Each structure stands twice: as structure tokens, then as C-alpha cells.
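Report on the structure
Now for the letters of each chain:
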Amino acid sequence: MKNTDHLYFQFNWKSCQKYILCQSIEHDYLKQAILEYSELLKLEQSQQEHRFRYYYKKDESDWVIIKCPDEISFYVFHNLLGWIAAVPNCQSQWPKQAIGVVVSEEMGYSYYCHLDRRNPYQDSLIGTFDDGKTFQISLPDAFQENGNIMLFDVVNSQTKLWLFLKDRQIERTDLEVLPTKWEWGVRVNFPV
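Everything numeric here is computed off the predicted structure, so don't read it as measured data.

Focus on the pattern of salt bridges
This model, assessed by the stated rule, comprises 3 salt bridges. Its salt-bridge partner being Lys67, residue Asp70 comes within 3.2 Å of it at the nearest N-O pair. Its relative accessible area of 39% is what places Asp70 among the partly exposed residues. Since its relative accessible area comes to 7%, Lys67 is described here as buried. Here Asp116 and Arg118 are joined by a salt bridge, their closest N and O atoms 3.0 Å apart.

Quick notes on the packing of helix H1 (residues 27-40) against helix H2 (residues 74-85)
Any two packed helices are characterised by the angle at which their axes cross and by the distance between the axes. Following both chains from N to C, one finds H1 and H2 inclined at 130 degrees, their axes separated by 10 Å at the closest point. The angle between H1 and H2 places the two elements in the oblique class. By crossing handedness, the relation of H1 to H2 is classed as right-handed. Contacts between H1 and H2 involve Tyr29, Leu30, Ala33, Ile34, Glu36, Tyr37 and Leu40 from the former and Tyr75, Val76, Asn79, Leu80, Trp83 and Ile84 from the latter.

Notes on the side chain of Asp116
Residue position: Asp116 is located in the loop between strand E6 (111-115) and strand E7 (124-129). The class of Asp116 is buried, set by a relative accessible area of 9%. A polar contact of 3.0 Å, which involves the side chain of Asp116, links it to the side chain of Arg118. Each residue touching Asp116, except ones within four places of it in the same chain, is listed here: Ser124, Leu125 and Ile126.

Some details on the confidence of the model for the protein
Looking at the protein, the pLDDT average stands at 77 and 73% of residues meet or exceed 70. Mean pLDDT values for the elements of the protein range from 55 in strand E1 (residues 6-9) up to 93 in strand E5 (residues 97-103).

A short note on the nonpolar core
Proteins that are soluble and globular tend to have nonpolar side chains buried together. Within the largest apolar cluster, 43 residues are counted, with the highest numbers of intra-cluster contacts made by Ile20, Leu30, Ile66, Ile84 and Tyr111. Top element by residues in this core is H2. It accounts for 8 residues. With residues up to four places along the chain from it excluded, the contact list for Ile84 reads Ile20, Cys22, Ile25, Tyr29, Leu30, Ala33, Ile34, Ile66 and Pro95. Counting residues in hydrophobic clusters, the runner-up holds 14 residues, among them Leu21, Ile99, Val103 and Phe164.

Focus: the pairing of strand E8 (residues 133-138)
Pairing geometry for E7 and E8, over 5 bridges, is antiparallel. The residue of E8 that forms the bridge with Ser124 is Ser138.

Reading the values: the criteria
- Residues numbered from 1 in each chain as written.
- Predicted model: local features only at pLDDT ≥ 70, side-chain atom pairs only at ≥ 80, totals over all residues.
- Heavy atoms only, no water.
- Salt bridge = Lys/Arg side-chain N within 4 Å of Asp/Glu carboxyl O.
- Buried < 20%, exposed > 50% of the residue type's maximum accessible area, 1.4 Å probe, protein only.
- Axes fitted to C-alpha atoms, helices over the stretch in contact; angles between N-to-C directions.
- Helix = DSSP H or I, 4+ residues; strand = E, 2+ residues; numbered from the N terminus.
- Parallel < 35°, antiparallel > 145°, perpendicular 65-115°, else oblique.
- Left-handed = near helix turned anticlockwise from the far one by under 90°.
- Contact = heavy atoms within 4.5 Å.
- Polar contact = N/O pair within 3.5 Å; in protein donor to acceptor, adjacent residues only side chain to side chain.
- pLDDT = per-residue confidence, 0-100.
- Core = buried A, V, L, I, M, F, W, Y, C linked by side-chain atoms within 4.5 Å.
- Pairing = 2+ DSSP bridges.

Written as C-alpha cells, this is what we have:
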């Protein structure tokens, strides 16, 4: 695809629910990855404490669902996903899959994304919106308030969000777990 075949897309990020889903990941690796990433961001100004909550789906699918704070920025969310998926020098502990899920009340704006392993620098995510439109996010450039999603002309109707998750044994209700079911959490400081 030529570099001219895309459009930049922005939407109301703050109104979305944000999740990171990890399959076959060690609890200690996950917690350490989040803490290390927050340490990397300590150079940023205007830090605010955020709490990440976790839920282990207790079945053979071996998923951990992470509910991200509502206030997390577009940049921090997507870069944290990339960090968890591929912490430098920890390849043996990487999750089998790490998927970012963003649920929006705006029609068609929910999406999933994951690290583009074809990119040798591992600094971009690829994903699909609810309506099947595909996109890419450049992690170094994701600092814009409502994001830097680049839409492509390709429609991927086979992998709409809820079908994609269902194929991985995750139901919409798994993301809507009652707060009492969240098992543990970690508090970290991220820029606002």
C-alpha cells in the first residue's frame, strides 16, 4: 500500500473504555512491565496516579483482562500495549497475544489493535474498527490528544471486534465484569 492511501482519523478518546488483553502471561511479568513503563514516563511532567485493575478469565483460554484507567492518554495506552507485548530483553516472557480493545459508545468507533510484528522496530500497531476498516498507529507519533490513527482503504470484514474476540474465547460480558470481580491492581503514575 502506498503511503498516500490513508487518512488520519480522530474521535473522542476520553469517553472510551480501554482494555489490554493478554494471553499466557505471567502475573509478575505483567505487573513488572506496567511498573517499568511508568518509570520510563517519569521524565514527563504533570504525573497523576492511575490504577490498573486485572481480571483472570478462569478457563482454558488463559486470558488476563486489564481495565485501564479512564484518564489514560491515547499515547500511554497504545505505547503500554506495545511495551507489554514486547518488553526489550524479555522475549521468553512475552504474552502469546496482547490485544488493545477500545470500546466507544459512538457507533462504529470501537476497535482492537495489536503490535505489528512485521515491523522490525516493533513501534507500530495495526487494528480494525467495528465496521471493518483497518488502521495503523505509529507509537512514537501517538502523542496527539485524540490519537494518530491512520485509516487504510482496506476493509477487513472477517475480523470485526466482537467476532475477533469471540474467536479468542472472550465475550463482551468478560469486559463488563462487576467491579467486585477485579482481582488485583497496581497503582502507577502516568502523565495526564
